[in-house]
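# Coordinate inspection notes
Here's the letter readout for the chains.
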Amino acid sequence: MTTTLITGANKGLGFETARRLTEAGHTVYIGARDAERGRRAAEQLGARFVQLDVTDDASVRAAVKTIEADGGLDVLINNAGIEVRGENNSIPAAADTTADEIRTVFETNVFGVVRVLHAFLPLLQRSGAPVVVNVSSGLGSLTALSDPDSPAHFYQAVSYPTSKTAVNMITVQYAKALPQMRINAVEPGFTNTDLNGRTGTQTVAEGAEIIVRMAQVGPDGPTGGYLDVNGPLPW
């Protein structure tokens, strides 16, 4: 039995990924900051709930103890993420970006990934086929955002894409350091979720496809990659 933890899984892409992997036979832990919402989501899916705030060391340590006591972990999906939006769901201008804004986004999107991966690494290393999926974004691609012909070029905010570029680098470096693990960054696409104020153009089912696929790669699968449903993306 494959045991999988998904952070930020009480709604959106995390919830849909949990649903799909539960159906595929995984024992899935719904990681969520809000205990009531997390338990409700877990009950709905037939999954397990673990209270987990990726910005809080004590919360992460407690989650490790809970999952370790239940037998260990095979797959970690770092899905929890935030994006700053302005009034009427506007995208913040670069000129208005502050260090505090970037720090807030990085606390969840970057430091949270490292905090959770570092804490769960001993459990993952005991698995026969450990997998890590870091949910990134196409907005993390320097190539895409610097190309005037790319659809991503329009996005002018600084904090969110910078955080996802950092997630991509974290993925590369951990994959090199831990060749026995499969560690990849994925781009779900512009999905209709609360993250973007429900402006996404695809469903959560479509967005979760690449996350679910990479959560199930075998020991001979790719690692250190940055992928969407169609394959590798330019960094």
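A brief report on the enclosed structure follows. (Residues numbered from 1 in each chain as written. Predicted model: local features only at pLDDT ≥ 70, side-chain atom pairs only at ≥ 80, totals over all residues. Heavy atoms only, no water.)

## A word on the side chain of Glu187
Test applied: Runs of E in the DSSP output that reach at least two residues are strands. Runs of H or I that reach at least four are helices, and both are numbered from the N terminus. Only protein chains enter the calculation, and the probe is 1.4 Å; a residue is then buried if its accessible area is under 20% of its type maximum, exposed if over 50%, and partly exposed in between. All tallies of charge rest on Lys and Arg as positive and Asp and Glu as negative; His and the ends of each chain are not included. A side-chain nitrogen of Lys or Arg and a carboxyl oxygen of Asp or Glu constitute a salt bridge if their distance falls within 4 Å. Pairs of N or O atoms within 3.5 Å make up the polar contacts considered here, provided that, within protein, one atom can donate a hydrogen while the other can accept it, and that residues adjacent in sequence are counted only when both atoms are side-chain atoms. Should any heavy atoms of two residues lie within 4.5 Å, those residues are counted as being in contact.
Along the polypeptide, Glu187 turns up in the loop between strand E6 (182-186) and helix H8 (204-215). Here Glu187 sits buried without a salt bridge, and the closest side chain of opposite charge, Lys164, lies 8.8 Å off (N-O distance). Looking at Glu187, its side chain comes within polar contact range of the main-chain nitrogen of Gly138, at 3.1 Å. Those residues in contact with Glu187 that lie beyond four places of it in its chain are Ser137, Gly138, Ile210, Tyr226, Leu227, Asp228 and Leu233.

## Notes on H8
To be explicit about the condition: What a helix is expected to span follows from its residue count: subtract one and scale by 1.5 Å.
Here H8 spans 16 Å end to end across twelve residues, near enough to the 16 Å set by a 1.5 Å rise per residue. If you check which residues of H8 are buried, you get Gly207, Ala208, Ile210, Ile211, Val212, Met214 and Ala215. Buried-residue contacts for H8 involve helix H1 (12-23), strand E4 (75-78), strand E5 (131-135), E6 and strand E7 (226-228).

## Regarding the environment of Arg126
Structurally, Arg126 is set in helix H5 (residues 111-126). Residue class for Arg126 comes out exposed when judged on its relative accessible area of 58%. On a C-alpha basis, the gap between Arg126 and Gly72 in space is 7.9 Å, while along the polypeptide they are 54 residues apart.

## Topic: the packing of H1 against H8
Cut-off, in case you're wondering: To get an axis, fit a line to the C-alpha atoms, keeping to the stretch in contact for a helix; angles then go from 0 to 180 degrees between the N-to-C directions. Throughout this description, any angle smaller than 35 degrees is read as roughly parallel, any larger than 145 degrees as roughly antiparallel, any in the 65 to 115 degree range as roughly perpendicular, and the remainder as oblique. Crossing handedness is defined as follows: a turn of the near helix away from the far one that is anticlockwise and smaller than a right angle gives a left-handed crossing, while the clockwise case is right-handed. Gly is placed with the polar residues, together with every amino acid not listed as nonpolar (Ala, Val, Leu, Ile, Met, Phe, Trp, Tyr, Cys and Pro) or charged (Asp, Glu, Lys and Arg).
Orientation of H1 relative to H8, taken along the N-to-C sense of each, is 55 degrees, at an axis distance of 9 Å. With respect to each other, H1 and H8 are oriented oblique. Of the two possible hands of crossing, H1 and H8 adopt the one that is right-handed. Facing Gly12, Leu13, Glu16, Thr17, Arg20 and Leu21 of H1, the residues of H8 in contact are Val204, Ala205, Gly207, Ala208, Glu209, Ile211, Val212 and Ala215. Across the contact of H1 with H8, the residue classes break down as eight nonpolar, three polar and three charged.

## Quick notes on the pattern of salt bridges
Oppositely charged side chains can pair when the atoms bearing their charge come close. Evaluated as defined, the whole model comprises eleven salt bridges. In this structure, Arg20 engages Glu209 in a salt bridge whose closest nitrogen and oxygen atoms are separated by 2.7 Å. Remark: Glu209 occurs in helix H8 and Arg20 occurs in helix H1; sequence separation between them is 189 residues. Judged by its relative accessible area of 29%, Glu209 falls in the partly exposed class. A salt bridge links Arg40 to Glu36; its shortest N-O distance comes to 3.4 Å. Of this pair, Arg40 and Glu36 are both found in helix H2 (residues 35-45), four residues apart, which corresponds to roughly one turn of the helix. Classification of Glu36 as exposed rests on a relative accessible area of 58%. Residues joined in a network through salt bridges with shared partners are Glu16, Arg19 and Glu23.

## What to know about the packing of aromatic side chains
Here is the rule: For this analysis, a ring pair means two rings from Phe, Tyr or Trp (six-membered ring only for Trp) whose centres lie within 6.5 Å, classed as stacked if their planes differ by under 30 degrees, edge-to-face if by over 60, and tilted for the remaining angles.
For the structure on display, the rule yields three aromatic pairs. Look at Tyr226 and Trp235: their rings are 5.2 Å apart centre to centre, the planes differ by 25 degrees, and that puts the pair in the stacked class. Overall, Trp235 belongs to the partly exposed group, its relative accessible area being 40%.

## Focus on the sheet that holds strand E2 (residues 27-32)
Quick reminder of the rule: Between any two strands, at least two bridges found by DSSP are needed for them to pair.
The strand order across the open sheet built from eight strands is E3-E2-E1-E4-E5-E6-E7-E8, with neighbouring strands paired in mixed fashion. The two strands at the open ends of the sheet, each matched to only one other strand, are strand E3 (48-51) and strand E8 (231-232). The pairing of E7 with E8 spans two bridges and is antiparallel. Note on E8: the bridge partner recorded for Leu227 is Pro232. Here H5 sits on the sheet in contact with strand E1 (3-7), E4 and E5, set at roughly 180 degrees to E4. The strands touched by helix H7 (residues 159-177) within the sheet are E5, E6 and E7, with E6 carrying the most contacts at an inclination of about 165 degrees.

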